[in-house]
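Single-letter residue listing:
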There are 2 protein chains.
Amino acid sequence: MTATRIAVVGIGKIARDEHIPALAASPAFELAATVSRSGGVSGVENFDTVEALLAARPDIPAISFCTPPQVRYAGARAALEAGRQVMLEKPPGASLSEVHALQALAAERGLSLLTTWHSRHAACVPAAKAWLADKRVTSVRIDWKEDVRVWHPGQLWIWQAGGLGIFDPAINAFSILTEILPVPVHVTGADLLFPGNCETPIAARVNMNGPDGALVTAELDFLWEGEALWRLEIETDAGTLILDRGGAAMRIDGQPQGDDTPKTDAKIPGEYDRLYARFAELLATKGTDVDLRPMVLVADAFTLGRRFEGPEFIDPTTKES
Amino acid sequence: MTATRIAVVGIGKIARDEHIPALAASPAFELAATVSRSGGVSGVENFDTVEALLAARPDIPAISFCTPPQVRYAGARAALEAGRQVMLEKPPGASLSEVHALQALAAERGLSLLTTWHSRHAACVPAAKAWLADKRVTSVRIDWKEDVRVWHPGQLWIWQAGGLGIFDPAINAFSILTEILPVPVHVTGADLLFPGNCETPIAARVNMNGPDGALVTAELDFLWEGEALWRLEIETDAGTLILDRGGAAMRIDGQPQGDDTPKTDAKIPGEYDRLYARFAELLATKGTDVDLRPMVLVADAFTLGRRFEGPEFIDPTTKES
């Protein structure tokens with residue numbers, strides 16, 4: 001198999017932590033260029049803008065976008081208009097309507113478009129989905145709690161309109177939920193806590209319902225101190241399944257399933273390897289994979305949510321002296 | 001043609017002003033029952049709950065829901081589960097995810113589901129769509145301004161989470177916009193003004209973009225005094241089209257098109273007649289028509305919007321003495 005040349009746009013934390021290592025290990029892709037205003041990757045040609053990349057490198061057929069959601073649309077649109085295949089980090093955009101517009105454009109041009117949800121590729125997610133397939137879910141409790149100062153230092157875009165605040169990590173929980181539950185859920189209400197100086201919420205409670213009356217409660221907190229909690233606890237008519245550590249570990253009625261060795265950090269090996277394998281599969285089949293269900297749940301929480309104002313949030317890593 | 005028996009759920013202002021008269025005039029339907037806790041329609045059997053209706057009247061195959069969006073899902077779900085065809089007032093629900101769930105259920109059961117957008121059936125909307133089809137739109141200005149105290153007296157559900165506030169009328173503008181524009185638009189930002197005592201906004205500015213850079217600005221105001229302003233002004237490469245009075249009047253480069261006689265009130269005859277004709281068509285063809293684009297634009301505005309707090313709003317018609 002010849003490796004497909006790919007460019008990565010937006011060389012920030014997630015690109016350095018995940019995308020670049022995954023591409024280095026991928027037999028399907030070869031990192032051929034980057035776009036970044038703050039420095040690229042050693043030995044790889046870097047461009048200041050997507051437009052410059054597109055003009056200079058017609059030999060690169062695939063582009064992966066890791067920029068903050070607020071600026072993803074313009075670049076992705078330009079890439080599709082230039083006939084390139086596109087992969088989008090989560091969330092795929094700042095609004096549902098812009099992703100619909102990209103989807104229409106990709107369809108019109110016969111190009112592949114992949115909206116990625118990396119948490120769906122965590123180690124235990126497929127097994128959880130398989131186990132739940134023939135169960136009746138009676139309730140779900142989601143805890144998605146992490147310290148934003150540890151996990152998103154200096155990422156000010158999270159607090160700007162369109163950056164989603166706590167929903168930037170919590171959309172991972174929703175991506176797992178919509179993947180593994182055998183039935184659809186819908187949002188019935190939410191409480192959203194906005195710091196006085198932020199445009200997005202720092203904490204939230206979201207209530208959802210399944211069609212058979214199953215209740216889903218999500219407790220989301222960006223000021224959680226100590227070890228991050230990324231857990232779904234799913235009660236069924238045949239026992240309780242717990243997906244822990246963002247999908248890397250699973251227990252059924254307390255019994256660990258598969259390799260449940262605690263890892264020393266929260267990085268889950270393999271998620272991004274699987275994402276790029278999925279993108280390679282789409283390129284080979286000229287397929288498109290746009291699933292917006294996690295984003296619809298977030299949009300519904302914003303639409304239905306009651307707003308509360310809390311204390312201002314100051315990121316210590318960006319505090320002016 | 002034999003008239004289809006239909007029940008109307010939620011006998012409030014919109015049912016009395018529009019649905020009941022449209023059904024009385026419709027050759028396709030016969031109003032066979034109502035569901036209302038606050039009084040039905042003279043000479044028509046009334047039930048307290050949807051469940052009671054479904055149990056007592058298996059002979060009624062079609063149900064039209066005019067209840068506030070926050071309580072629409074449960075009734076619509078029960079109706080579909082009981083094998084009835086369903087028509088939903090706008091907005092079709094309180095969340096996108098619940099309408100997706102209804103859509104999946106209707107498809108599973110082979111039942112018709114119609115999400116109605118009455119403003120799309122205003123007199124001049126089809127002509128506007130036809131005129132715009134081969135034009136390039138350069139900008140759109142939406143003004144949707146009305147006095148909530150005049151148009152929604154005592155409708156407290158509008159101010160409760162899920163009631164959408166100013167977006168309850170403004171979604172009509174978005175339903176026209178998405179119907180008549182030859183290209184999709186997406187939300188890029190919004191400012192939302194929440195009264196201190198309300199869970200939904202009383203005014204908003206929403207910015208949208210078309211794929212070719214067309215700018216759409218929507219100015220929405222629920223405290224507008226005087227005559228309501230329900231207008232879309234669309235600049236194109238071949239002149240300016242103004243849709244006024246909610247779609248009842250149209251001008252191109254200042255020239256009135258069709259019957260532009262000012263009406264003495266804002267009620268536009270025919271919208272609901274056309275909605276029920278559309279529902280009859282779907283029943284005949286076993287079709288479904290679920291278009292959520294107007295609701296997606298609203299959800300995007302909530303997701304992306306910056307929130308501002310304004311003075312408390314007291315509805316004079318519900319003020320406690």
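This is a predicted model, so every value here is computed, not measured. (Residues numbered from 1 in each chain as written. Chains lettered and ligands numbered in written order. Predicted model: local features only at pLDDT ≥ 70, side-chain atom pairs only at ≥ 80, totals over all residues. Heavy atoms only, no water.)

Draft legend 1. View of the interface of chain A and chain B. Facing the 27 residues of chain A at the interface are 27 residues of chain B. Across the chain A/chain B interface, buried area totals approximately 2400 Å², and carbon plus sulfur atoms make up 63% of it. In terms of surface lost to chain B, no three residues of chain A exceed A:His186, A:Thr303 and A:Arg307, which account for 23% of the buried area on that side. Between chain A and chain B we count 0 salt bridges in total. Those elements that place two or more of their residues in the side of chain A that touches chain B are helix 3 (72–81), helix 4 (96–109), strand 8 (186–195), helix 9 (293–304) and strand 15 (306–310) of chain A. The dominant element in the side of chain A that touches chain B, judged by the number of residues it contributes, is helix 9 of chain A, at 7 residues. Here the side of chain A that touches chain B is composed, by residue class, of 14 nonpolar, 7 polar and 6 charged. (Contact = heavy atoms within 4.5 Å. Buried area = accessible area lost by both parts, 1.4 Å probe. Salt bridge = Lys/Arg side-chain N within 4 Å of Asp/Glu carboxyl O. Helix = DSSP H or I, 4+ residues; strand = E, 2+ residues; numbered from the N terminus. Nonpolar A, V, L, I, M, F, W, Y, C, P; charged D, E, K, R; others polar.)

Draft legend 2. Structural context of the relation of the copies chain A and chain B. Placing chain A over chain B gives an RMSD of 0.0 Å and needs a rotation angle of 180°, together with 0.0 Å of translation along the axis. Interpreted geometrically, this transformation is the action of a two-fold axis. Interface overlap between copies: 100% of the residues of chain A at the interface are likewise at the interface in chain B, consistent with a symmetric, same-surface contact. (Least-squares fit on C-alpha atoms with pLDDT ≥ 70 in both.)

Draft legend 3. The environment of B:Asn207, seen in detail. Looking at where B:Asn207 falls in the secondary structure, it is placed in strand 9 (residues 203–209). With 67 residues separating them along the chain, B:Asn207 and B:Arg274 place their C-alpha atoms 31 Å apart.

Draft legend 4. Up close: unusual backbone geometry. Omega for the peptide link from A:Lys90 to A:Pro91 comes to -15°, which places this bond in the cis form. Phi angles above zero are rare outside glycine, and B:Leu164 is one such case at about 75°. Residues other than glycine seldom take positive phi values, yet B:Asp253 does so here, at roughly 45°. Inspection of the secondary structure assignment puts B:Asp253 in the loop between strand 13 (249–252) and strand 14 (255–257).

Draft legend 5. Spotlight on the sheet that holds strand 12 (residues 239–244) of chain A. Residues and elements named next belong to chain A. Across the sheet, which stays open at both edges, the 9 strands sit in the order 14-13-12-11-7-10-9-8-15 with mixed pairing between neighbours. The two strands at the open ends of the sheet, each matched to only one other strand, are strand 14 (255–257) and strand 15. Sheet twist, expressed as the average angle between the axes of neighbouring strands with direction ignored, equals 15°. Seen against the sheet, helix 5 (residues 125–132) touches strand 7 (137–145), strand 11 (229–236), strand 12 and strand 13 (249–252) and runs at an angle of roughly 165° to strand 12. Along the sheet face, helix 9 touches strand 8, strand 9 (203–209) and strand 15 and points at about 70° away from the line of strand 8. (Pairing = 2+ DSSP bridges. Axes fitted to C-alpha atoms, helices over the stretch in contact; angles between N-to-C directions.)

Draft legend 6. Representation of the UniProt feature "domain: Gfo/Idh/MocA-like oxidoreductase N-terminal" (unreviewed entry) in chain A in the model. Taken from the UniProt record, the annotation "domain: Gfo/Idh/MocA-like oxidoreductase N-terminal" (unreviewed entry) applies to residues 5–112 of chain A. Along residues 5–112 of chain A one finds 41% helix and 21% strand; the C-alpha atoms at either end are 15 Å apart. (UniProt positions renumbered as here; feature names shortened; annotations may be inferred.)

Draft legend 7. Region of interest: the packing of helix 7 (residues 167–180) of chain B against helix 9 (residues 293–304) of chain B. Residue and element names in this part refer to chain B. Where helix 7 meets helix 9, the closest approach of the two axes is 8 Å, and the angle between their N-to-C directions is 125°. On the basis of the axis angle, helix 7 is oblique to helix 9. Between helix 7 and helix 9 lies a crossing of right-handed hand. Residues Phe167, Ile171, Phe174, Ser175, Leu177 and Thr178 of helix 7 form the contact with helix 9, whose own contacting residues are Arg293, Pro294, Met295, Leu297, Val298, Ala301 and Phe302. Considering only residue class, the contact of helix 7 with helix 9 consists of 10 nonpolar, 2 polar and 1 charged. (Parallel < 35°, antiparallel > 145°, perpendicular 65-115°, else oblique. Left-handed = near helix turned anticlockwise from the far one by under 90°.)

Draft legend 8. Examining the nonpolar core more closely. Counting residues in each nonpolar core, the largest one holds 175 residues, and the members touching the most others are A:Phe167, A:Phe174, B:Phe167 and B:Phe174. With residues up to four places along the chain from it excluded, the contact list for A:Phe174 reads A:Ile142, A:Phe167, A:Val206, A:Met208, A:Ala218, A:Leu220, A:Pro294, A:Leu297 and A:Val298. In this structure, A:Ala28, A:Met87, A:Leu114 and A:Leu282 belong to the second largest nonpolar core, which totals 22 residues. (Core = buried A, V, L, I, M, F, W, Y, C linked by side-chain atoms within 4.5 Å. Buried < 20%, exposed > 50% of the residue type's maximum accessible area, 1.4 Å probe, protein only.)

Draft legend 9. Layout of the pairing of strand 2 (residues 29–35) of chain B. Residue and element names in this part refer to chain B. Of all 7 residues making up strand 2, 6 are buried, and the element is well covered by its neighbours. For strand 1 (residues 4–9) and strand 2, the ladder comprises 6 bridges, and the chain directions are parallel. Each residue of the ladder has a partner; that of Val8, found in strand 2, is Thr34. The parallel pair strand 1 and strand 2, bridged by helix 1 (residues 13–25), forms a crossover whose chirality is right-handed. (Right-handed = clockwise from strand over helix to strand, strands pointing away.)

Draft legend 10. Region of the structure containing the environment of B:Pro126. Residues and elements named next belong to chain B. Relative to the elements of secondary structure, Pro126 occurs in helix 5 (residues 125–132). According to the relative accessible area criterion, Pro126 is exposed, its value standing at 52%. It is 7.6 Å that separates the C-alpha atoms of Pro126 and Ile180, two residues lying 54 residues apart in sequence.

Draft legend 11. Focus on the sheet that holds strand 5 (residues 85–88) of chain A. All names here are of chain A. Read from one edge to the other, the open sheet built from 6 strands follows the order 3-2-1-4-5-6, with strand pairing classed as parallel. At either end of the open sheet lies a strand with only one pairing partner, and these are strand 3 (45–47) and strand 6 (113–115). In this sheet, adjacent strand axes meet at a mean angle of 25° when their direction is disregarded. Strands strand 1 (4–9), strand 2 (29–35), strand 4 (62–65) and strand 5 of the sheet are contacted by helix 1 (residues 13–25), whose axis makes an angle of about 175° with strand 1.

Draft legend 12. A look at the packing of aromatic side chains. All names here are of chain B. By the definition in use, this model includes 14 aromatic pairs over all chains. For the pair Phe167 and Phe174, a centre-to-centre distance of 6.3 Å together with 50° between the ring planes defines the contact as tilted. On the basis of an interplanar angle of 50° and a centroid distance of 5.4 Å, the ring pair of Phe167 and Phe302 is categorised as tilted. Of this pair, Phe167 sits in helix 7 while Phe302 is found in helix 9, placing the two residues 135 residues apart along the sequence. (Phe/Tyr/Trp six-rings, centres within 6.5 Å; stacked < 30°, edge-to-face > 60°.)

Draft legend 13. How the structure looks around helix 8 (residues 271–285) of chain A. Residue and element names in this part refer to chain A. With 15 residues, helix 8 should reach 21 Å at 1.5 Å per residue; the first-to-last C-alpha distance of 21 Å fits that figure. For helix 8, every residue scored as buried is listed here: Glu271, Tyr272, Leu275, Tyr276, Phe279, Ala280 and Leu282. Summarising the contacts, the buried residues of helix 8 are in contact with strand 1, helix 1, strand 2, strand 4, strand 5 and strand 6. Positive backbone phi, at 55°, marks Lys286, one or two positions downstream of helix 8. (Expected span 1.5 Å × (residues − 1).)

Draft legend 14. Here's a closer look at the domain arrangement of chain A. All names here are of chain A. Here the domain parsing of chain A yields domain 1 (4–115) and domain 2 (122–268 + 298–310). For domain 1 versus domain 2, the separation of C-alpha centres amounts to 27 Å. Contacts between domain 1 and domain 2 engage 10 residues on the former and 14 residues on the latter. Carbon and sulfur atoms supply 59% of the area that domain 1 and domain 2 bury against each other, a total of about 870 Å² over both sides. (Domains from an automatic or database assignment.)

Draft legend 15. Spatial organisation of the environment of B:Glu108. Residues and elements named next belong to chain B. Its place among the elements puts Glu108 in helix 4 (residues 96–109). For Glu108, a relative accessible area of 61% puts it in the exposed group. Residues Glu108 and Leu80, spaced 28 residues apart in sequence, show a C-alpha to C-alpha distance of 10.0 Å.

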